[in-house]
Amino acid sequence: MTTHKDQERVSAAYRDLAKESTPPALDRRILDAASREGRSRYGIVRTWMRPVAWAATIGLSLAILLEITVFSDAPPSHEQQTAPGAPPAERARRDADVMRAKEADAMRQSAPQRASAAAPDSGSDVAAPAACDQEARMTAASWLACIEALRDQERDEEAAAELAALRDAFPDAGISPAR
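To start, this report covers the structure provided alongside it. (Residues numbered from 1 in each chain as written. Predicted model: local features only at pLDDT ≥ 70, side-chain atom pairs only at ≥ 80, totals over all residues. Heavy atoms only, no water.)

**Things to note about the state of the cysteines**
Covalent bonding between the sulfur atoms of two cysteines defines a disulfide. The following threshold applies: Two cysteine sulfur atoms form a disulfide, by the criterion used here, when they sit within 2.5 Å. Working definition: helices are DSSP H or I runs of at least four residues, strands are E runs of at least two. Numbering for both runs from the N terminus. When accessible area is computed with a 1.4 Å probe and restricted to protein chains, residues below 20% of their type maximum are described as buried, those above 50% as exposed, and intermediate ones as partly exposed.
Within the structure shown, the criterion is met by 1 disulfide. In this model, cysteine 132 is linked to cysteine 146 through a disulfide, with the two sulfur atoms separated by 2.0 Å. An S-S torsion of about -105° defines the bridge between cysteine 132 and cysteine 146 as left-handed. With a gap of 14 residues between them, cysteine 132 in the loop between α5 (88-118) and α6 (140-152) and cysteine 146 in helix α6 connect regions that are remote in the sequence. In this structure, cysteine 132 and cysteine 146 share a single accessibility class: buried.

This is the structure:
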């Protein structure tokens with residue numbers, strides 16, 4: 001067992017050891033050697049890597065954002081046009097409307113080619129302008145309104161041509177024959 005005197009001797013020895021330190025010259029020499037050996041040859045590259053990576057990330061994010069919002073010419077998908085809680089029949093009807101609109105766009109784009117192929121050569125290279133504009137041709141109802149306006153203006157030939165194009169673009173619309 002240890003006595004009180006033994007405990008005092010051990011405590012005194014620990015106190016004496018606590019006052020020891022290395023000489024300052026030896027400390028400086030060790031620290032200098034560590035700083036020489038601890039430097040990486042990639043230090044300068046690492047200094048610039050983080051700011052460059054940060055700038056590239058911001059630039060890429062901005063480019064993606066602009067592509068999605070400003071430069072996107074794609075129409076919204078039918079999921080965005082349909083309410084989330086819409087019944088399946090309504091979604092099916094809207095899907096059919098989207099498909100009809102796409103078919104109508106395809107027909108409108110090919111209509112000048114078909115008209116120029118079917119029309120006899122009259123000696124002029126200029127095709128007659130369409131009586132109904134692009135906006136009027138967006139839906140069957142607006143197209144019919146344009147045709148009615150042509151009939152009211154007594155432009156029957158143009159109205160008949162537009163009605164034929166309308167029937168080609170919307171065959172399921174059940175449009176009655178020309179009056």
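**Topic: the pattern of salt bridges**
To keep things clear, this is the line we draw: Whenever a carboxyl oxygen of Asp or Glu lies within 4 Å of a side-chain nitrogen of Lys or Arg, that contact is scored as a salt bridge.
Under the criterion given, the structure shown has 6 salt bridges. Linking arginine 28 and aspartate 32 is a salt bridge whose minimum nitrogen-to-oxygen distance equals 3.5 Å. Taken together, the residues arginine 28 and aspartate 32, both in helix α2 (residues 24-38) and 4 residues apart, mark about one turn of the helix. Residue class for aspartate 32 comes out partly exposed when judged on its relative accessible area of 32%. Ionic pairing is found between arginine 100 and aspartate 97, a salt bridge with its closest N-O pair at 2.8 Å. A residue pair is termed a helical-turn pair when its members lie 3 or 4 positions apart in one helix, as arginine 100 and aspartate 97 do in helix α5 at 3 residues.

**Description of α2**
Owing to its 3.6 residues per turn, the α-helix brings residues three or four apart onto one side. So the rule is basically this: Expected helix span is given by 1.5 Å per residue-to-residue step, counting one fewer step than there are residues.
With 15 residues, α2 should cover 21 Å at 1.5 Å per step; its first-to-last C-alpha distance of 21 Å lies within 8% of that length. Burial analysis of α2 places just 0 of its 15 residues in the buried class, a small minority of the element.

**Quick word on the nonpolar core**
How we decide: We call a set of buried Ala, Val, Leu, Ile, Met, Phe, Trp, Tyr and Cys residues a nonpolar core when their side-chain atoms join them within 4.5 Å. When checking whether two residues touch, look at their non-hydrogen atoms; a contact exists if any pair is within 4.5 Å.
Ranked by size, the top nonpolar core spans 14 residues in total, and within it Cys132, Trp143, Ile147, Leu166, Ala169 and Phe170 carry the most contacts. Every element with two or more residues in this core is listed here: α6 and α7 (156-169). Not counting residues up to four positions away in its chain, the partners in contact with isoleucine 147 are Cys132, Ala159, Glu162, Leu163 and Leu166.

**Some points on unusual backbone geometry**
Most peptide bonds take the trans configuration, and most residues that are not glycine carry a negative phi. For glutamate 154, which is not glycine, the phi torsion reads 60° and is therefore positive. For glutamate 154, the position within the fold is in the loop between α6 and α7.

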